[in-house]
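A look at the structure
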Amino acid sequence: MSAANCLLTEDQFLCSICLDVFTDPVFIPCGHNFCKTCITQHWNVSVQTQCPNCKEAFNSRPELRVNTLISEMAAQFRQSAQQKASSSSSEQQAAKPGEVPCDVCTGTKLKALKSCLVCLDSYCETHLEPHLTRSGLKRHQLIDPVENLEGRMCTEHDKLLELFCKTDQMCVCMLCTYSDHKNHDVVPLKKEYEGKKAELGKTETEFQQMIQKRRLKIDEIKHSVELSEEDADREIAEGVQVFTALKESVERSQAELIDTIKEKQRKTEKQAEGFIKELEQEICELKKRITEVEQLSCSEDHLHLLQSFRTLNTAPPTKNWTGVRVSPPSYEGTVVRAVNQLEKTISEQMKKLLTEAELKRVQQSAVDVTLDPDTAQPELILSDDGKQVKHGDVRKNLPDNSKRFNSCVSVLAKQSFNSGRFYYEVQVEGKTEWDSGVARESINRKGIITPTPQKGYWTICLKNENEYKAFADPQVRLSLKSRPQKVGVFVDYEEGLVSFYDVKSTALIYSFTGCCFTEKLYPFFSPGLNNGGKNSAPLIISPVNH
């Protein structure tokens, strides 16, 4: 038998029905061999009794007899395979929890390397070998090991789910296409798999894009938090500065109140000390006179007593103290006056500190502004960098386009704004006349212009060297404590606010409120006429120093 094993291959001892080594091999009249159970089950479901290999038909089911020789040789091959599996099992890894075990292994289940969609079994390295070497088994479809291979079988027909019904969007077997899924759009699993895999690729790309958008949103939110934190820190610092200044004012006023009261007390004490000193001096003089009188009274010298009597019989020069009083100073109203003064000081200081804080905030909205030469009145002279403008005495020959002012000595900026906030500063030092602010895009730029809000202008101006006005309707005369050298212009488009600041003194000059903006707004500048050189200084758009 061992010699036969050397000459014959294991393929010759495989059942063509189960494709495994024969178990109880039987032969039929045509000479072919099958496992007894396999051929019996085959004939039980087959309409006609015939050989599965050569298709020879039999009138009646043949009597099945065990092929003793084949049975003994198959047993030898099976024993050899088991010994081989036993010797190699020590080298292979046993299946761990969560791993797919080999369905053929007895005893210790080894880790499966592949699963067969035809056999519906999973195999370790040793038991997988027949599927890799035998021609009949090579045609079987192997996949990475999976559990529940029974789930890949049609529950109705007990056939492999190898097709996909696109109509019903479900996996089906071949027999399903003749019953419930007849005339449906059915394709092989592989084709649908490739299509769905492509869709998954697109889905994955979409998910990656969604992830990227969300990461960007996270970055945006984090940046907003950082900005909020910066704003909070800035507000805290400004708040601490304001309250520290107010605290110092209170402490200073308290010290002044105490000094005032103590000074009154010191004056009272000094007056009393002076009176007491005079009184003590008079007492001393009187005591001295008493001593002299006593001595004279004891004298036996008649002549001396008579000669001294007139002098010693009268009191020394003294002051009439009857009306002299040391009245305690009156402190009535001292605290009230001090508190009233403190209130006034704090009010002024608070206003100044709050304006300083407000100016710092609006300066965060600073924008870069340059003058637009296409809008400049022909007598204006603009610097090459577009940051300065002044009036010249010569009218240049320039095209009178629709954007250009032709009469009023004015010019707009190149930049426009139709949302949000913006801020710029213009130096007005040394000038006797000027206008500045913002104007809407549709303003009239021809002829004489009165720059009021109704006509699309929100500006303030200096006229006649020291007359400041806001061009509201009606005009507002501005009373300023100091002459501005640099003016800050702030606009909140949505809030409808235009504010002007004296940058040096950090004072609010004027605010237009409740404005309704519907168009683009442009920074507006008018340096005023040269006026024989008196107003030759230019308006200068200055960089903002936060």
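The structure presented is a predicted model; accordingly, all values stated were derived computationally and were not measured.

Calculation notes
Residues numbered from 1 in each chain as written. Predicted model: local features only at pLDDT ≥ 70, side-chain atom pairs only at ≥ 80, totals over all residues. Heavy atoms only, no water. Helix = DSSP H or I, 4+ residues; strand = E, 2+ residues; numbered from the N terminus. Rg over C-alpha atoms; globule rule 2.2 N^0.38 Å. Contact = heavy atoms within 4.5 Å. Buried < 20%, exposed > 50% of the residue type's maximum accessible area, 1.4 Å probe, protein only. pLDDT = per-residue confidence, 0-100. Pairing = 2+ DSSP bridges. Salt bridge = Lys/Arg side-chain N within 4 Å of Asp/Glu carboxyl O. Phe/Tyr/Trp six-rings, centres within 6.5 Å; stacked < 30°, edge-to-face > 60°. Core = buried A, V, L, I, M, F, W, Y, C linked by side-chain atoms within 4.5 Å. Axes fitted to C-alpha atoms, helices over the stretch in contact; angles between N-to-C directions. Parallel < 35°, antiparallel > 145°, perpendicular 65-115°, else oblique. Left-handed = near helix turned anticlockwise from the far one by under 90°. Nonpolar A, V, L, I, M, F, W, Y, C, P; charged D, E, K, R; others polar.

**Structural notes on the overall build of the chain**
- Each helix and strand in the chain was counted, giving eight helices and 22 strands.
- Its C-alpha atoms give the chain a radius of gyration of 57 Å, clearly above 24 Å, the size a compact globule of 546 residues would have.
- With the C-alpha coordinates of the chain rotated into their principal frame, the extents come out at 195 × 100 × 40 Å.
- Residue pairs at least 24 apart in sequence account for 57% of intrachain contacts in the chain once pairs closer than 6 positions are excluded.

**Describing the side chain of Ser542**
- Tracing the backbone through its elements, the reader meets Ser542 in strand E22 (residues 539-542).
- Residue class for Ser542 comes out buried when judged on its relative accessible area of 10%.
- If we skip the residues at most four places from it in the chain, Ser542 touches Glu425, Gln427 and Lys486.

**Quick notes on the confidence of the model for the chain**
- Summary statistics for the chain give a mean pLDDT of 88 and a share of 96% for residues scoring 70 or more.
- Note on residues 1-7: pLDDT is under 50 here. Beyond four places in sequence and across chains, it has six contacts.

**Observations concerning the pairing of strand E18 (residues 486-492)**
- A large share of E18 lies buried, amounting to six of its seven residues.
- Across seven bridges, strand E13 (residues 421-427) lies against E18 in antiparallel orientation. Looking at E18, one finds that Val426 is bridged to Val487.
- In the sheet, E18 pairs with strand E19 (residues 497-502) via six bridges, with the strands oriented antiparallel. Of the residues in E19, the one forming a bridge with Val489 is Phe500.
- What sits between E18 and E19 in their antiparallel hairpin is a turn of four residues, with Gly496 showing a positive phi close to 70°.

**A few points about the pattern of salt bridges**
- Per the stated rule, a full pass over the model turns up 19 salt bridges.
- Among the salt bridges present, the one from Lys217 reaches Glu220, with a minimum N-O distance of 3.2 Å. Placement of the pair is Lys217 and Glu220 together in helix H6 (residues 189-297), with a separation of three residues, close to one helical turn.
- Since its relative accessible area comes to 45%, Glu220 is described here as partly exposed.

**Considerations on the packing of aromatic side chains**
- Enumeration over the complete set of coordinates arrives at ten aromatic pairs.
- With a centroid separation of 5.4 Å and 45° between ring planes, the pair formed by Tyr493 and Phe517 is classed as tilted. Remark: Phe517 occurs in the loop between strand E20 (507-512) and strand E21 (521-526) and Tyr493 occurs in the loop between E18 and E19; sequence separation between them is 24 residues. Phe517 matches Tyr493 in its accessibility class, with the two residues each being buried.

**Quick word on the environment of Gly274**
- In this structure, Gly274 sits in helix H6.
- Expressed as a C-alpha distance, the spacing of Gly274 and Ser228, which sit 46 residues apart in the sequence, is 68 Å.

**Some thoughts on unusual backbone geometry**
- Residues Asp473 and Pro474 are joined by a peptide bond in cis, for which omega reads 5°.
- Within the secondary structure, Pro474 sits in the loop between strand E16 (467-470) and strand E17 (476-478).
- Its identity as a non-glycine residue notwithstanding, Leu120 has a phi of 60°, on the positive side.
- Mapped onto the elements of the fold, Leu120 is located in the loop between strand E4 (114-116) and strand E5 (121-123).

**A word on the nonpolar core**
- In this structure, Ile460, Val487, Phe512 and Phe525 are the most contacted members of the largest nonpolar core, which totals 37 residues.
- Sequence-distant contacts of Phe525, that is, excluding residues within four places in its chain, are made with Val369, Leu371, Val409, Ser410, Val411, Ala413, Tyr424, Val426, Asp435, Ser436, Leu539 and Ile541.
- Membership of the second largest hydrophobic core comes to 18 residues, among which are Phe22, Ile28, Cys38 and Cys51.

**What to know about the packing of H6 against helix H7 (residues 302-312)**
- Closest axis-to-axis distance for the H6/H7 pair is 11 Å, and the angle between their directions is 155°. On the basis of the axis angle, H6 is roughly antiparallel to H7. Where H6 crosses over H7, the handedness of that crossing is left-handed. Contact residues: Arg289, Glu292, Val293 and Leu296 in H6; His304, Leu305, Ser308, Phe309, Thr311 and Leu312 in H7.
- For the contact of H6 with H7, the class distribution of residues is five nonpolar, three polar and two charged.

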